[in-house]
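# Structure at a glance
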Amino acid sequence: FQNLLSNFTNEAREQLQPLADEHDLLEVKIQTQKKVLEVAVQTNQSMARAMADVRSSSALLGELQRLVPRTISLDQVQINGDALDLSGEALMPDGLRTLNALILSMGQSALFDQDGVMLQQATLENSLSTEAADSGRLIYGISVRFAADAPQAFRPQLAALGSIGLERRLQRLHQEEGLFP
């Protein structure tokens, strides 16, 4: 009886071994494909976030055009991580008042953090022809922190700012499941 049982076990082992090897091979392949899929999902999510980022879109330029008074010039606009740095000049005698209005307007924009608008520099340069405080220009630098939820908060205003393409991309991205974590 022991011999019969031993033979039966050996035959079963021989028949099952190829199946067990195939199972192990398939398990390795599944794990490899899972990793490939995870990388693809992360890449897609990163691309979706980049496409939805209003900091690099025409919406930002449209909002700046809306907020910056005509009497203020922008010499430089630079994105530094989560902040927007602006520098330029405003003509006096109303330069300080106009610059203050710009700072207040930026704090009210859905694109920027209300408490994240900082005046970095304000220097009065008088004209050579006169030393009066009502002439010359005010050289300024402002740093503005983007709102954490800027893409969502700003989305209703995209069409009005001429960012129809971005609005459509965001709409499509939100329809896709799993793109935004």
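Small disclaimer: the values here were computed from a predicted structure and weren't measured.

Turning our eyes to something else, we now look at the pairing of strand β1 (residues 72-80). Sheet analysis places β1 next to strand β2 (residues 83-91), joined by 8 bridges and oriented antiparallel. When the sheet's bridge partners are listed, Ile72 is paired in β2 with Ala90. Between β1 and β2, which pair antiparallel one after the other, the connecting turn spans 2 residues, and Gly81 there sits at a positive phi close to 65°.

Another aspect to go through is the pattern of salt bridges. Enumeration over the complete set of coordinates arrives at 5 salt bridges. Taking the shortest distance from any N to any O, the salt bridge between Arg97 and Asp94 comes out at 2.8 Å. A residue is classified by how much of its surface remains accessible, and Arg97, at 61% relative accessible area, is exposed. A residue is classified by how much of its surface remains accessible, and Asp94, at 38% relative accessible area, is partly exposed.

A cluster of nonpolar side chains, contributed by Phe1, Leu5 and Phe8, occupies part of the molecular surface with about 410 Å² of accessible area. Along the polypeptide, Phe8 turns up in helix α1 (residues 2-52). What makes Phe8 exposed here is its relative accessible area of 57%.

Rules and cut-offs
- Residues numbered from 1 in each chain as written.
- Predicted model: local features only at pLDDT ≥ 70, side-chain atom pairs only at ≥ 80, totals over all residues.
- Heavy atoms only, no water.
- Pairing = 2+ DSSP bridges.
- Helix = DSSP H or I, 4+ residues; strand = E, 2+ residues; numbered from the N terminus.
- Salt bridge = Lys/Arg side-chain N within 4 Å of Asp/Glu carboxyl O.
- Buried < 20%, exposed > 50% of the residue type's maximum accessible area, 1.4 Å probe, protein only.
- Patch = residues over 30% accessible without salt bridge, like charges linked within 9 Å, V, L, I, M, F, W, Y side chains within 5 Å.
- Areas by Shrake-Rupley, 256 points an atom, 1.4 Å probe, with all protein chains shown as cover.

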